[in-house]
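# Residue-level structural notes
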Amino acid sequence: MLSEKFRNDSRTEINQREFPDNKRKQDMKNYSYKSRPIARSSAYRRKQMLKARLKLTVMAAVFVTVSVAGINGVKRVVRNIEAEAVAANDIIAAEDYQAAEPAETAFETVAPETAEPIPNSEKTYPIDMEISSKYAVVYDVTTNTILYAKNAEEKCYPASTTKLLTAAVALDYADEDFVFTAGDELDFVNPGSSLAYLNKGSQLSTEMMIDALMLPSGNDAAYVTAANIGRVIADNPNMSDEGAVKEFVTMMNRKAKRIGAQNTHFANPDGFHDDDHYTTAMDMLKIALYAKDCDMIAESVQKVDLTQTFLSGEVIYWKNSNVMINPYSQFYYCYSKGMKTGMTDEAGYCVVELAERYDHQIIAVVMGGENSAARWNDTIALLDKAFVIAKDYEAQ
């Protein structure tokens, strides 16, 4: 399969982590911020003492050398002292880094690059209901509470919900004036893929490309994004298509780890099935928490449809695959703020949905649905239950 060429060969071993309760997370944050200055001030004092000692050594050595060996002897002694000072400074720098590292690690374990707090895994949840989809998690962003989970830590396949991370990585490197140009990387798109109907030579702005990923869920858009941004990451405009896509996917996996998705590994930018392309519902929640705070993604996922004119002149119509934001759909959910769908035979029917009501933001991740209707029905039922809890919370 083509996507196998883009597996991250240097993939790190999955690190299973359990996140403590809110109080312990706060304690870890407090420990982090308090202990780093202590470690650094200790190193600072050692450094100042060493500098004072070196000054005394220089003065004594110069005095003795002038008396015995003349000016050439002085130069030789100064060179030796300078070498010792550089070595000593390196030691202090290394000690300073090592002393500060445990506190930095403690902080990053809690919430490295994520704007929202990482949710805590609980054993029981406020929502008690059966759904047909295999994996799910429901999270109240406002109260930092997991309301429901079903097999949320088990391995599953994300299909095109992958593109939330594809878009997020792209926005790390592309500003609004960046121009994406489609090329031979379109040959990597697998048969049967969902498409944004890009052609070789098509040129799109950053906003157009995010829309191409989010609305029609274009696998072609994912590969064009990966190839263009991969060359930026590598700082090599002449990098091959294959090399650029691989560079981008490597960055996707790094990004996933940094935002807390420790049980995720991606093998391609589009989510087309690969046995080595997997996640969990909980990890997709963490990716969604990050993506929702990217303004361009948040705006794109709420667009029902649009007619787009590329920078290169082509005119195209895209319709959002997420029917929960479409007022004409039987599965329309008026509180939905959109997000991302996905489907492959192996992944089943998936959706990451953001909704807002009673001043509460709720994210529902539903994976492994038996069919499209089951996916939507499960998601709506879970969101309805979540908002009952949110209403009760506000009434207290």
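These notes cover the structure that comes with them.

Here is what the cut-offs are and how they apply
Residues numbered from 1 in each chain as written. Predicted model: local features only at pLDDT ≥ 70, side-chain atom pairs only at ≥ 80, totals over all residues. Heavy atoms only, no water. Phe/Tyr/Trp six-rings, centres within 6.5 Å; stacked < 30°, edge-to-face > 60°. Lys NZ or Arg CZ within 6 Å of the ring centre and 35° of its normal. Salt bridge = Lys/Arg side-chain N within 4 Å of Asp/Glu carboxyl O. Helix = DSSP H or I, 4+ residues; strand = E, 2+ residues; numbered from the N terminus. Buried < 20%, exposed > 50% of the residue type's maximum accessible area, 1.4 Å probe, protein only. Contact = heavy atoms within 4.5 Å. Axes fitted to C-alpha atoms, helices over the stretch in contact; angles between N-to-C directions. Parallel < 35°, antiparallel > 145°, perpendicular 65-115°, else oblique. Nonpolar A, V, L, I, M, F, W, Y, C, P; charged D, E, K, R; others polar. Pairing = 2+ DSSP bridges. Core = buried A, V, L, I, M, F, W, Y, C linked by side-chain atoms within 4.5 Å. Polar contact = N/O pair within 3.5 Å; in protein donor to acceptor, adjacent residues only side chain to side chain.

### A short note on the packing of aromatic side chains
- Overall, the coordinates contain five aromatic pairs when judged by the stated rule.
- What links up through ring pairs into an aromatic cluster is the set Y333, Y335 and F387.
- Above the ring of Y278, the side-chain terminus of K155 is found at 4.6 Å from the ring centroid.
- It is R375 that lies over the ring of W376; its NZ or CZ is 4.3 Å from the centre.

### Remarks on the pattern of salt bridges
- Under the definition given, this model contains eight salt bridges.
- For K200, the salt bridge goes to D187, with nearest N and O atoms at 3.1 Å. Linking K200 in the loop between strand 3 (179-181) and strand 4 (203-205) with D187 in the loop between strand 3 and strand 4, this pair joins segments that are 13 residues apart in sequence.
- Among the salt bridges present, the one from R231 reaches D241, with a minimum N-O distance of 2.5 Å. Within this pair, whereas R231 is found in helix 5 (residues 219-234), its partner D241 is found in helix 6 (residues 241-258), the two being separated by 10 residues in sequence. In this structure, R231 and D241 share a single accessibility class: buried.
- Sharing partners across several salt bridges, the network here consists of D184, D187 and K200.

### Quick look at the environment of V189
- Relative to the helices and strands, V189 resides in the loop between strand 3 and strand 4.
- Relative accessible area serves as the criterion here: at 17%, V189 is assigned to the buried category.
- Separated by 34 residues in the primary sequence, V189 and Y223 place their C-alpha atoms 7.2 Å from one another.
- Dropping the residues within four chain positions of it, V189 is found in contact with L195, N219, D220 and Y223.

### Observations regarding the packing of helix 5 against helix 6
- In contact at an axis separation of 7 Å, helix 5 and helix 6 are set at 85 degrees when each is read in the N-to-C sense. Classified by the angle their axes make, helix 5 and helix 6 are roughly perpendicular. Residues Y223, T225, A226, A227, I229, G230, R231, I233 and A234 of helix 5 touch helix 6, and the partners they reach there are D241, A244, V245, E247, F248 and M251.
- For the contact of helix 5 with helix 6, a count of residues per class yields 10 nonpolar, two polar and three charged.

### Focus on the sheet that holds strand 8 (residues 348-357)
- Spatial ordering of the open sheet is given by 2-1-9-8-7, a layout of five strands whose pairing is antiparallel. For this open sheet the edge positions go to strand 2 (145-150) and strand 7 (336-344), each flanked by a neighbour on one side alone. Across the sheet, the mean angle from the axis of one strand to that of its neighbour is 5 degrees, orientation sign disregarded.
- Note: strand 1 (residues 135-140) against strand 2, five bridges, orientation antiparallel. When the sheet's bridge partners are listed, V138 is paired in strand 2 with Y148.
- Across the sheet, helix 9 (residues 372-395) lies against strand 1, strand 2, strand 7, strand 8 and strand 9 (360-369), angled at about 155 degrees from strand 9, the strand it touches most.

### Describing unusual backbone geometry
- Here A159, not a glycine, exhibits a phi torsion of approximately 50 degrees, which is positive.
- Structurally, A159 is set in the loop between strand 2 and helix 3 (163-173).
- Among the residues examined, A159 registers a relative accessible area of 1% and is labelled buried.
- Positive phi outside glycine occurs at D235, with the angle close to 55 degrees.
- Structurally, D235 can be placed in the loop between helix 5 and helix 6.

### Description of the nonpolar core
- Core analysis: the biggest nonpolar cluster contains 72 residues, and L164, M214, I297, W318, I363 and V365 have the highest contact counts within it.
- No other element matches the nine residues that helix 7 (residues 281-291) contributes to this core.
- The next biggest cluster of nonpolar side chains, apart from the first, holds 22 residues, and it includes I127, L147, F331 and V351.

### Some words on the pairing of strand 7
- Taken across its nine residues, strand 7 has seven buried, putting it largely inside the fold.
- Where strand 7 meets strand 8, seven bridges bridge the pair, whose relative direction is antiparallel. Directly across from S336, in strand 8, lies its bridge partner A355.
- Hairpin geometry of strand 7 and strand 8 is characterised by an intervening segment of three residues between the two adjacent antiparallel strands.

### Re the pairing of strand 1
- Among the six residues that make up strand 1, six are buried, leaving the element largely enclosed by the rest of the structure.
- Neither face of strand 1 is open: one carries Y135, V137 and Y139, the other A136, V138 and D140, and all of them are buried.
- Alignment of strand 1 against strand 9, held across six bridges, turns out to be antiparallel. The partner of A136 across the bridge, within strand 9, is V366.
- The antiparallel hairpin formed by strand 1 and strand 2 contains four residues in its connecting segment, where N144 sits at a positive phi of about 55 degrees.

### Section: the environment of H360
- Structurally, the position occupied by H360 is in strand 9.
- Look at H360 and you get buried, because its relative accessible area is 0%.
- As for H360 and D140, which are separated by 220 residues in sequence, their C-alpha atoms are 6.9 Å apart.
- A distance of 2.6 Å separates a polar atom in the side chain of H360 from a polar atom in the side chain of E394.

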